[in-house]
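Read off the chains here:
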Amino acid sequence: MIRRCDDRDFEQICTIINDGAQAYRGIIPEDRWSEPYMSREKLQHEIDEGVAFWGFEETGSIAGVMGLQLVQDVTLIRHAYVRTSSQKQGIGAQLLFHLRDRAIGPVLIGTWAAASWAIRFYERHGFHIVDNQEKDRLLKKYWSVPERQIETSVVLADKRWRAMK
């Protein structure tokens, strides 16, 4: 079952993000890694900035989360993670499909350029990587990330974005 997360899910969301993010350890630039990957304070900041988390719940526990954030004229997919023990079961795909149905306007996703598995996942689900010049412009317009993260990230867009261009 996919449902909107609420305050009672905060600790589970934090745990899932930090568990799922272990896949990025040693892949993303060392200067962008922290332990924990996302602190409770950073997670609260993201929620305060409008990231609404949705969770895939099975047997009373959340196995995966994905955030949806409306920013200006687009919808961003943010912080998509599945518990390590629940990966490769289609949970991420179900969450992505569910959130795309709720999106207003084009959907954009940012991820680490070195995370080839994440890029392939989004490409399999109809997203395409935008060129570097467009990526830089989009990250500066719709996200609040440091320059170093812009240098080491990619942006993927759905077909609605292509139609807008």
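The rules behind these values
- Residues numbered from 1 in each chain as written.
- Predicted model: local features only at pLDDT ≥ 70, side-chain atom pairs only at ≥ 80, totals over all residues.
- Heavy atoms only, no water.
- Phe/Tyr/Trp six-rings, centres within 6.5 Å; stacked < 30°, edge-to-face > 60°.
- Helix = DSSP H or I, 4+ residues; strand = E, 2+ residues; numbered from the N terminus.
- Buried < 20%, exposed > 50% of the residue type's maximum accessible area, 1.4 Å probe, protein only.
- Salt bridge = Lys/Arg side-chain N within 4 Å of Asp/Glu carboxyl O.

**Q** Explain the packing of aromatic side chains to me, please; I cannot follow it from the model alone.
**A** Two numbers describe a pair of aromatic rings. These are the distance of the centres and the angle of the planes. The tally for this structure, following the rule as stated, stands at 7 aromatic pairs. A ring pair is formed by Y24 and Y81, whose centres lie 6.3 Å apart and whose planes are at 80°; its orientation type is edge-to-face. One end of the pair, Y24, is in the loop between α1 (10-20) and α2 (40-48); the other, Y81, is in strand β4 (residues 74-82), with 57 residues separating them in the sequence. Across the pair, exposure class does not vary: Y24 and Y81 are buried alike. Ring geometry for Y24 and W117: centres 5.3 Å apart, planes at 40°, overall tilted. Here W117 lies in helix α4 (residues 116-124) and Y24 lies in the loop between α1 and α2, a separation of 93 residues in the sequence. On the basis of relative accessible area, Y24 is assigned to the buried category, the value being 8%. Aromatic rings pair up to connect Y24, W33, Y37, Y81 and W117 into one cluster.

**Q** How should I be thinking about the pattern of salt bridges in this particular structure?
**A** Two side chains that carry opposite charge are able to pair once their charged atoms sit near each other. On inspection of all chains with the given rule, the structure shows 12 salt bridges. Between D31 and R148 there is a salt bridge, and its shortest N-O distance comes to 2.8 Å. Of this pair, D31 sits in the loop between α1 and α2 while R148 is found in helix α6 (residues 147-151), placing the two residues 117 residues apart along the sequence. Given a relative accessible area of 31%, R148 falls into the partly exposed group. Linked by salt bridges that have partners in common, R3, D9 and E57 make up one network.

The quantities given are spatial measurements derived from coordinates; they are silent on function.
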